[in-house]
Amino acid sequence: MSTPETSPIRLIMFTSKDCVYCPPVESIVREVIGSGMQEIVHVSTIDIDVDKESASQYHINALPTLVINDEIVLEGGMEDEAVRDLLWSTLLNYAFTSGETEELMKSALLTITMNSIDSLNNTSILRPSVGDYAHISTYQLNLLSLYSLDPLIPHFLYRAGYKLGMYGIMHHILLTLNPSLGRTPKRKMRFSKLGKALELYFSNREIYSTKIAHGAHVVEQTENTIHLKVSELASSSIGIDVGEPMCGFTAGQLAGVTVAVMGTDASCEEQICLANGGDFCLFKISIDQAFKKPTLPPLEDKDERTIRKQNFYEVIHETTKIIEDSLLMRKAQRHNAGDFIHISVIQPIIITLKLLDRLSGVLLYSGGRELGIFGSGKNLLYRLVEEKGSNGIVSLEEGISLLYDYLTHPTSHLSRDYGRVRSIKIDEKTYHIEIEENLYVSGMNVTNLDKTFCDFQAGFFAGRLQILIGTEPQVKEIKCQGNGNDICIFEVKI
Ligand SMILES: [Zn+2]
Ligand SMILES: [Zn+2]
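Note that this is a predicted model, so its numbers are computed, not measured. Counting from 1, residues in each chain are numbered in the order their sequence is written. Chain A is the first chain written and ligand 1 is the first ligand written, with later ones labelled in order. Local features in this predicted model are restricted to residues of pLDDT 70 or higher, and side-chain atom pairs are both shown and tallied only at a pLDDT of 80 or more, whereas totals for entire chains, interfaces and linings draw on every residue.

Participant: Can you help me understand the sheet that holds strand E1 (residues 9–15) in this one?
Facilitator: Hydrogen bonds along the backbone pair up the strands of a sheet, which may run parallel or antiparallel. One open sheet accounts for 4 strands, arranged E2-E1-E3-E4; its pairing is mixed. A strand with exactly one partner marks an edge of an open sheet, and here the two such strands are strand E2 (41–47) and strand E4 (71–75). This sheet shows a mean twist of 20° between the axes of neighbouring strands, independent of strand direction. Between any two strands, at least two bridges found by DSSP are needed for them to pair. Secondary structure elements are taken from DSSP: a helix is a run of H or I of four residues or more, a strand is a run of E of two residues or more, and numbering for both begins at the N terminus. Looking at chain direction, E1 and strand E3 (residues 65–68) are connected through 4 bridges and run antiparallel. Looking at the pairing, Ile 12 lines up with Val 67 of E3. Think of each axis as a best-fit line through the C-alpha atoms, taken over the contacting stretch in the case of a helix, with angles from 0 to 180 degrees between the N-to-C directions.

Participant: Just to check I follow, could you spell out the domain arrangement of the protein for this structure?
Facilitator: As a measure of interface size, the accessible area lost when the parts come together is often cited. Assigned domains within the protein: domain 1 (9–93), domain 2 (99–305) and domain 3 (377–494). Computed over C-alpha atoms only, the centres of domain 1 and domain 2 are separated by 39 Å. The start and end points of each domain follow an automatic or database-based domain assignment.

Participant: Can you walk me through the packing of helix H7 (residues 169–177) against helix H9 (residues 248–262) in this structure?
Facilitator: How two helices pack is summed up by the angle between their axes together with the distance between the axes. Axis separation between H7 and H9 bottoms out at 9 Å; the angle between their running directions is 60°. Classed by the angle they form, the pair H7 and H9 counts as oblique. As H7 packs across H9, the resulting crossing turns out to be right-handed. Residues Met 170, His 171 and Leu 174 of H7 form the contact with H9, whose participating residues are Gln 253, Val 257, Ala 260 and Val 261. Considered class by class, the residues forming the contact of H7 with H9 number 5 nonpolar, 2 polar and no charged. In what follows, roughly perpendicular refers to angles from 65 to 115 degrees, roughly parallel to angles under 35, roughly antiparallel to angles over 145, and oblique to any angle outside these ranges. Two helices crossing with the near one rotated counterclockwise from the far one by less than a right angle form a left-handed crossing, whereas a clockwise rotation gives a right-handed crossing. C-beta atoms are placed from the backbone for every residue, and two residues are taken to be in contact when these atoms lie within 7 Å. Note that Gly is not counted as nonpolar here; it falls among the polar residues with everything else outside the nonpolar set of Ala, Val, Leu, Ile, Met, Phe, Trp, Tyr, Cys and Pro and the charged set of Asp, Glu, Lys and Arg.

Okay, structure coming up:
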């Protein structure tokens, strides 16, 4: 029998030859599924004039009709954007982790925890040529573009953060910073020591300095709650009011690590956020209370979703100037903590998101693609196009060459996201882009996992190339440093 992890999601689309609304909907289905979901979503198309039996079985009374796992999710034509949103949110709801993946996640996190500790201790370096700290903007833009995809994303980030808190590096660092935490049998005492350890974790110290924030204070502590105020937290130091809290991942992580330390259920809510008009971020951690499982936020109506998406595009656009000022050292985003964070802040996020459920690779790819199309650095790209004397849309070969120039430009290297880059022509329609010392995976070497991890970057390349060549290419990571290779290799095809 197939497990939830292996059984594909079934999508049936009912059409007919005369249906005018069907072709556009079908092309969106192909687009969404085609961006990496082929292996997990099985699509069939049924012409109701040919297969009358199936049509009557599902009581089809409008065309097109989309059925996902025997449930009708769409009837009749809709606007492209609405169809895309609908597919995303429905498919997301069908994807959940199995126990087996959870074991893999644990062992993967253990591996990167060991590597990161050596790097944070300065006993080894994961990226000899560029160093183990990368610019804060990469992290922020990753989060912003993921948030932009769907109102459900913050919830998924919380869930991923929760896993990371339970199995990841944070628990280890807390025990190292406050060794008595692990030796205190009395729960009440241990909870108060947890508060102290968290203050140290978020402080900008000499040892174990991930530079994730500038500092933290427990502003209020009771027997079962901690109110933790964190200043200059990396995810929220954007310098713009985003309109919603941006630290869902950290909130999840705080809940998860509390579970690991206290051995009891815990939850965490971000009550104030620097990215949402606050002067700092305030987290309320609760234990021992009638435990409420975080519920999915209600699906907003279509207009609200469109407005939200538009808002995120504007935020991503507005950050361009702020990021540029920071990279060129004109104005820091974080005056105290500085603008570079350790790669161990980002890598576990990629691992937990990728392994959280079957669709997250696709999510990461889409987030990257949005950023490739809308994100900062486009001015440089256009300048390179001008310098080459091309105007308008270029061929794939020229596009790859421009992308290479872009990736190796000194300005692109300021954020220290990766080391050496190579581009190789395989044949007229296929190219490889090779990346060394990629911040997402350097030193991860999770060899027991047959997975690649740089979906976000693959999507980003696809987005950047789309601007240049006028159509979306297929970009697939075929080798990844994250599972033991020397480099990451991305295959680009038209
Ligand atoms: Zn925040
Ligand atoms: Zn990779």
